[in-house]
Amino acid sequence: MGFFSTVLGFFGFGVGITIGLVIGYYLFIYFQPTDVKDPVIRPLVELDTKSLESMLPEVPHWVKNPDFDRIDWLNKFVENMWPYLDKAICKTAKEITKPIIDENTAKYKIDSVEFETLTLGSLPPTFQGMKVYATDEQELIMEPSIKWAGNPNITVVVKAFGLKATAQVIDLHVFALPRITLKPLVPSFPCFAKIVVSLMEKPHVDFGLKLLGADLMAIPGLYVFVQEIIKTQVANMYLWPKVLEVPIMDPAKAQKKPVGILHVSIVRAVKLTKKDFLGKSDPYVKLKLTEEKLPSKKTSVKRSNLNPEWNEDFKLVVKDPESQALELTVYDWEQVGKHDKIGMNVIPLKDLIPDEAKSLTLDLHKSMDANDPANDKFRGQLTVDVTYKPFKEGDSDVDTSDESGTIEKAPEGTPEGGGLLVVIVHEAQDVEGKHHTNPYVRIVFRGEERKTKHIKKNRDPRWEQEFQFVCEEPPINDKMQIEVISRPPSIGIHSKENLGYVVISLADVINNKRINEKYHLIDSKNGRIQLELQWRTS
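Everything numeric in this text was worked out from a predicted model, so none of it was measured.

Here is what the cut-offs are and how they apply
Residues numbered from 1 in each chain as written. Predicted model: local features only at pLDDT ≥ 70, side-chain atom pairs only at ≥ 80, totals over all residues. Heavy atoms only, no water. Helix = DSSP H or I, 4+ residues; strand = E, 2+ residues; numbered from the N terminus. Buried < 20%, exposed > 50% of the residue type's maximum accessible area, 1.4 Å probe, protein only. Contact = heavy atoms within 4.5 Å. Areas by Shrake-Rupley, 256 points an atom, 1.4 Å probe, with all protein chains shown as cover. Salt bridge = Lys/Arg side-chain N within 4 Å of Asp/Glu carboxyl O. Polar contact = N/O pair within 3.5 Å; in protein donor to acceptor, adjacent residues only side chain to side chain. Phe/Tyr/Trp six-rings, centres within 6.5 Å; stacked < 30°, edge-to-face > 60°. Lys, Arg positive; Asp, Glu negative; His and termini not counted.

*Asks:* Can you help me understand the overall build of the protein chain in this one?
*Replies:* A tally of helices and strands in the protein chain yields seven helices and 26 strands. Relative to its 538 residues, the protein chain shows a buried fraction of 36%. Here the analysis covers contacts within the protein chain between residues at least 6 apart in sequence; of these, 65% occur between residues at least 24 apart. If you sum the accessible surface of the protein chain, you get close to 33000 Å²; carbon and sulfur atoms cover 56% of it.

*Asks:* Would you mind showing me how to read the pattern of salt bridges here?
*Replies:* A side chain of one charge can pair with a side chain of the opposite charge if their charged atoms are brought near each other. Tallied over the full model, the rule gives 15 salt bridges. The partner of R442 in a salt bridge is E449, with the nearest N and O atoms 2.7 Å apart. In this structure, R446 and D478 form a salt bridge, with 3.0 Å as the shortest nitrogen-oxygen distance. Here R446 is found in the loop between β20 (439–445) and β21 (448–451), whereas its partner D478 is found in the loop between β22 (462–471) and β23 (479–486), with 32 residues between them in sequence. R446 gets classed as partly exposed once you look at its relative accessible area, which sits at 41%.

*Asks:* Sorry if this is basic, but what is going on with the side chain of H436 here?
*Replies:* For H436, the position within the fold is in the loop between β19 (419–429) and β20. By relative accessible area, H436 is classed as buried at 7%. Side chain to side chain, H436 and S486 meet in a polar contact 2.6 Å long. A distance of 2.8 Å separates a polar atom in the side chain of H436 from the backbone oxygen of S495. Not counting chain neighbours up to four residues away, the residues in contact with H436 comprise S486, R487, P488, P489, H494, S495, K496 and E497.

*Asks:* What am I meant to see in unusual backbone geometry here?
*Replies:* Most of the time, phi is negative for any residue but glycine, and the peptide bond is trans. A cis amide bond links K183 to the next residue, P184, at an omega of -15°. Turning to its location among the elements, P184 is positioned in strand β6 (residues 178–185). Phi is positive for K271, close to 55°, though the residue is something other than glycine. Within the element layout of this structure, K271 appears in the loop between β11 (260–270) and β12 (283–289). Classification of K271 by relative accessible area gives exposed; the value is 61%. In the Ramachandran plot, K513 falls in the positive-phi region, its phi being about 75° despite a non-glycine side chain. Looking at the secondary structure, you find K513 in the loop between α7 (507–512) and β25 (514–520). Overall, the relative accessible area of 36% leaves K513 in the partly exposed class.

*Asks:* I would appreciate a short explanation of the packing of aromatic side chains in the present structure.
*Replies:* To describe a pair of aromatic rings, you give the distance between the ring centres and the angle between the ring planes. Counted according to the given criterion, the structure contains three aromatic pairs. Seen in terms of ring centroids, W82 and W148 are 6.1 Å apart; in terms of plane orientation they differ by 70°. Their pairing is edge-to-face. One end of the pair, W82, is in helix α4 (residues 72–107); the other, W148, is in strand β3 (residues 140–149), with 66 residues separating them in the sequence. For W82, a relative accessible area of 5% corresponds to the buried category. W148 gets classed as buried once you look at its relative accessible area, which sits at 11%.

*Asks:* What exactly am I supposed to notice about the side chain of E139 here?
*Replies:* Here E139 lies in the loop between β2 (126–133) and β3. It is K183 that comes nearest to the buried, bridge-free E139 among opposite-charge side chains, at 4.2 Å. Discounting chain neighbours no more than four positions away, the residues touching E139 are T181, L182, K183 and L185.

So this is what it looks like as structure tokens:
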């Protein structure tokens, strides 16, 4: 019976499997389940934000947020420059962390903490987008969205109490949204004096930490604990408005702050060349310092006089006495047309002894080219008295940064009870004339007129020119008129055009010491001008 039971069981098992497969196949083919439907295919543009983010969790900022710009070009640039950026960043990191390490080693009685290896690896960070802010100050603000899944090799060796421990950071992942400010912007390469970095939100930092060959982050509970400590610590140090400052250059040297005052007295001229048709000239003198964009100062015009006497005094702000020179040019004034140049000469400031008055009689030349044969012709002589007075220690060492809220002091020699009114013409926007747009700015204050250079065919001109007015008393009841004018082309029938103007009450400048604002131009459709005014007292 045992044999027959085994045979029947075997055949029953085989028959059962066969029948089961046939029935299962029949049910699978001929019966459609009612709870399963074909998926509905919809275009991405029809999906809501949550559905899109669930499908594409790594959507870059420039897709989700219209304020962010796409910057694939920057990713390509960083990729090519990464081997060099790696070394530069690591060097800067060592310099920044050194004083922090030195402070804590002494505090906790640690013998030393040193980087055995410090490299950020071969994988550069990627920028998911960047937001750029435009302000009225001399700065550039950027907010890049950074994601970095790197393979760094950072090994730190700690020695304490006769023991040595080695910690290695590996597999670093960083997601951050920093704010990077380049300021102040200066006219010397790389065009900014320092980098200011702060975080707009807590960063996400993920990494592996090997100690004595074992990955500590694999310990249950330690990973989350360390994550929170790092986020909190970094946020306490650099979360906005707290910042990390990286100096690039000395702002004082980059901006060439004033170091002294040049006192100039135009005394007289003798035996000037005749320029007028009737055998006379109407001379006046222009004087300026080289390497300055400020307009020249002028003496009065002496009518029909070849031996004029002026005895007029001027003060010029000196920024680099080693390289600057006083340029003196005598002109013959003409009522119509261009004024004729009689002659010129220069006085290098490095030839002057500080605080020592010097009287000079200069031969006038056609140009300062030593090889110009026209310089052999006698054109007259000009007598001037000059004194260079450098600032005393502390006179100009005033912090001019925006954080301090202070401005530079007026130079020595400023009238007591008065001050120096400084006007900086930065730029204009959306200015346009009917027939031409070659804008320049005209400043009118107490009868004095100053002009910027004119810029050809530009609706958004940028001048960055500074003008100074010495005031015997605070101009608290005065007003200043700023006009934007378009200069006509040299060939054409059209005259100059007024592109708009603004009248500024100086009471606000005197009370606040400094204002930097954009003004809407009167008589202009959309025109604006950015002006900075400072009131400096001694």
